[in-house]
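Overview (structure and organization)
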Amino acid sequence: MAKKRLVLTFPPEVVERPVVALMVKEFDVITNILRAEIHEGEVGRMLVEMEGPGKRLNEGLKYLEDQGVQVEEAVKDIELDESLCTNCGACTAVCLPRALKVEAPGWEIDLDKDRCILCGFCVDACPLQLITVKF
Amino acid sequence: MAKTYEEINQRIKKGEAVVLTAEEMTELVKSQGAKKAAEKVDVVTTGTFGPMCSSGAFINFGHSDPPMKLARVWLNDVPVCGDVAAVDVYIGATALSENEGMSYGGAHLIQDFVDGKWIKLRSTSHGTDCYPRREIETWVNKDKVNQAFLFNPRNAYQNYACATNGSENTIYTYMGVLLPNYGNATYCSAGQLNPLLNDPFYRTIGVGTRIFLGGATGYVAWQGTQHKPSVERLPNGTPVSPAGTLALIGDLKKMDSRFLRGARFIRYGASLYVGVGIPIPILDEEMAVFTGVSDEEIETNILDYSQPTRARDSLGRVNYAELRSGSIEIKGKKVLSAPLSSYSVAREIAETLKGSIKAGEFLLTEPVELLPSEGTLTTLDVRDEEGI
């Protein structure tokens, strides 16, 4: 089984078609939508994890591209400006996947990008407004 | 064997003083006992770096020509308190920008001032014979004003509640974002490093105590507002709820934004992270016992901040070692616990102060007046004219 974390970009004319659902059905790919920004008539973006036998997964992604969807490997794009961070820990209060932690002995913020699901809660919670999330 | 302030200061001047941070003192008292620790140690340094909403700064701008009595005043579009004579203002840390809303407030303004940035000053007034000018718009920075001092009415709280949220909606508070159904819990104290938790009965921290404030030297000006010493305490003297507070003063021009930072708590507003470090003289064994307190021995109440009342019920008691472990138990459920005050910067402040004392650059002061050791708070009751 192969697993990929991807950013799908939907041109406005594709947004209204259920291309992901059709792909899941046709190619039997397990799809976990982590984040989506989809609005009628606008370019849509979706952060997904897709899992399936390598060949089927690639065929599924090819299908999406044929439908006009741009498929890119997700560059994990959470950024914390460490030079200004005071390690207060307020961001860790809302990080349920525990990607952000502040612990003994150093009590400095530890950001594990592999655990981050880019939910963006920490962006709101950081009192110094030092975190940005893009996908 | 008791020591005096003079004896300790003589040792500091000679470079012989033994200075430990409150963390180090806790270890020493644990391993060797308070009696030996009291003999060995002269000073214990504490530190805290947390959001302290009750903060602000006075600035005097000097007079324009023709002169003006600054009545309504905005700095970077943040309304500040004018009407203090002619050209004195007070910036309240929680005032919000009239243009940028909650993302910029008095606290950010104070930080920008400390960083030497140019600040837009705008004011209107009624005009008098002696102050004829009625409006002004200009730019100032810290080198273009007279006195500027931080004067915080309530800082360095001796303990604070642990906040959680039992409702079904996320709530946005000065204790951070609280997730529904006890989804998390936040706390805001340096615990064993906190100044007043190391001097629980205010034996040495009082009016006139010289301190580290925002990266510069400051002083305890007075008891802080809402100073409330008469609360439940553990046998070691530490209160289990917010108790003593300090009003602090210091030269804003000499401060460093590393230890004075503007913050915004989403959908709450602005607050100022203030770095405070206070040296505690180990006058005798009792002070060694006090400064030997550890996170396990300091407790606080868990309060449900979704209750819209000033008298929230306690959901239980936790100690700071439990809070610092990353999770606590509320109503049988494991709940993520997270700090809002920076332990690493609190530690840095205690270390910095320790370094200054060891280098002979920072002498201790005996309080010119002690803080009240008893007292509770009144409340604001809504009454009509017939009720007065």
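Remember, it's a predicted structure, so these values are computed and weren't measured experimentally. (Residues numbered from 1 in each chain as written. Chains lettered and ligands numbered in written order. Predicted model: local features only at pLDDT ≥ 70, side-chain atom pairs only at ≥ 80, totals over all residues.)

1. What to know about helix H7 (residues 343-358) of chain B
All names here are of chain B. For the record, the criterion: Only DSSP runs of H or I with at least four residues qualify as helices, and only runs of E with at least two residues qualify as strands; both kinds are numbered from the N terminus onward. Expected helix span is taken as 1.5 Å per residue step, with the number of steps being one fewer than the number of residues. Burial is judged by counting other C-beta atoms within 10 Å of a residue's own C-beta: 20 or more means buried, 12 or fewer means exposed, and anything between counts as partly exposed, with every C-beta placed from the backbone.
Compared with an ideal rise of 1.5 Å per residue, which puts 16 residues at 22 Å, H7 spans 22 Å between its outermost C-alpha atoms and is within 8% of the ideal. Residues of H7 that are buried: Tyr 343, Val 345, Ala 346, Arg 347, Ile 349, Ala 350, Leu 353, Lys 354 and Ile 357. Where H7 ends, the next residue or the one after it, Gly 360, has phi of about 80 degrees, a positive value.

2. Some points on the nonpolar core
Defined as follows: Residues enter a nonpolar core if they are buried, belong to Ala, Val, Leu, Ile, Met, Phe, Trp, Tyr or Cys, and are joined to the set through C-beta atoms within 7 Å.
By size, the foremost hydrophobic cluster in this structure holds 128 residues, and its most contacted members are A:Cys91, B:Val41, B:Leu75, B:Ile91, B:Ile110, B:Cys162 and B:Leu272. At seven residues, H7(B) tops the list of elements feeding residues into this core. With eleven residues, the next largest nonpolar core counts A:Val20, A:Val29, A:Leu57 and A:Leu64 among its residues.

3. Considerations on unusual backbone geometry
Residues A:Ala104 and A:Pro105 are joined by a peptide bond in cis, for which omega reads 0 degrees. Summarising the element assignment, A:Pro105 is placed in the loop between strand E6 (100-102) and strand E7 (109-111). At the junction of B:Asp65 and B:Pro66, the peptide bond is cis and its omega measures out at -5 degrees in the coordinates. Checked against the element boundaries, B:Pro66 lands in the loop between strand E4 (56-60) and strand E5 (72-75). Phi angles above zero are rare outside glycine, and B:Ala156 is one such case at about 55 degrees. Overall, B:Ala156 belongs to the buried group, with 29 C-beta atoms counted inside 10 Å. Even without being glycine, B:Tyr182 reaches a positive phi, approximately 50 degrees. Secondary-structure assignment places B:Tyr182 in the loop between strand E15 (176-178) and strand E16 (185-187).

4. What about the interface of chain A and chain B?
Convention followed: By the criterion used throughout, residues are in contact when their C-beta atoms, derived from the backbone, lie within 7 Å. We call Asp, Glu, Lys and Arg charged. Ala, Val, Leu, Ile, Met, Phe, Trp, Tyr, Cys and Pro are nonpolar, and the rest, Gly among them, are polar.
Every contact between the two is made by 19 residues of chain A and, on the other side, 25 residues of chain B. Here the side of chain A that touches chain B is built from residues that sort into ten nonpolar, six polar and three charged.

5. Focus: the environment of A:Gly44
Residues and elements named next belong to chain A. Following the sequence through the fold, Gly 44 ends up in strand E3 (residues 44-52). Residues Gly 44 and Glu 16, spaced 28 residues apart in sequence, show a C-alpha to C-alpha distance of 9.8 Å. Setting aside anything within four residues of it in sequence, one finds Gly 44 in contact with Phe 10, Val 15, Glu 37, Ile 38 and His 39.

6. Here's the deal with the sheet that holds strand E2 (residues 43-45) of chain B
All names here are of chain B. Our working rule: A strand pair is defined by DSSP finding two or more bridges across the two strands. Helix axes use the C-alpha atoms of the stretch in contact, all axes being lines fitted to C-alpha atoms, and the angles between their N-to-C directions lie in the range 0 to 180 degrees.
Spatially, the three strands line up as an open sheet ordered E1-E2-E22, and their pairing is mixed. Where the open sheet ends on each side, the last strands, each with one partner, are strand E1 (19-21) and strand E22 (279-281). If you compare each strand with its neighbour and ignore which way they point, the axes differ by 25 degrees on average. Pairing analysis gives three bridges linking E1 to E2, with the strands arranged parallel.

7. Side note on the domain arrangement of chain B
Residues and elements named next belong to chain B. Selection criterion: Domain segmentation is taken from an automatic or database assignment of domains.
Structurally, chain B comprises domain 1 (5-52 + 151-358) and domain 2 (62-145). For domain 1 and domain 2, the distance between their C-alpha centroids amounts to 33 Å. In this assembly, 13 residues from domain 1 lie in contact with 15 residues from domain 2. Among the elements of the structure, strand E20 (260-265) and strand E21 (269-277) are those that each provide at least two residues to the side of domain 1 that touches domain 2. Among the elements that take part in the side of domain 1 that touches domain 2, E20 stands out by supplying five residues, more than any other. Its residues placed into classes, the side of domain 1 that touches domain 2 shows six nonpolar, four polar and three charged.

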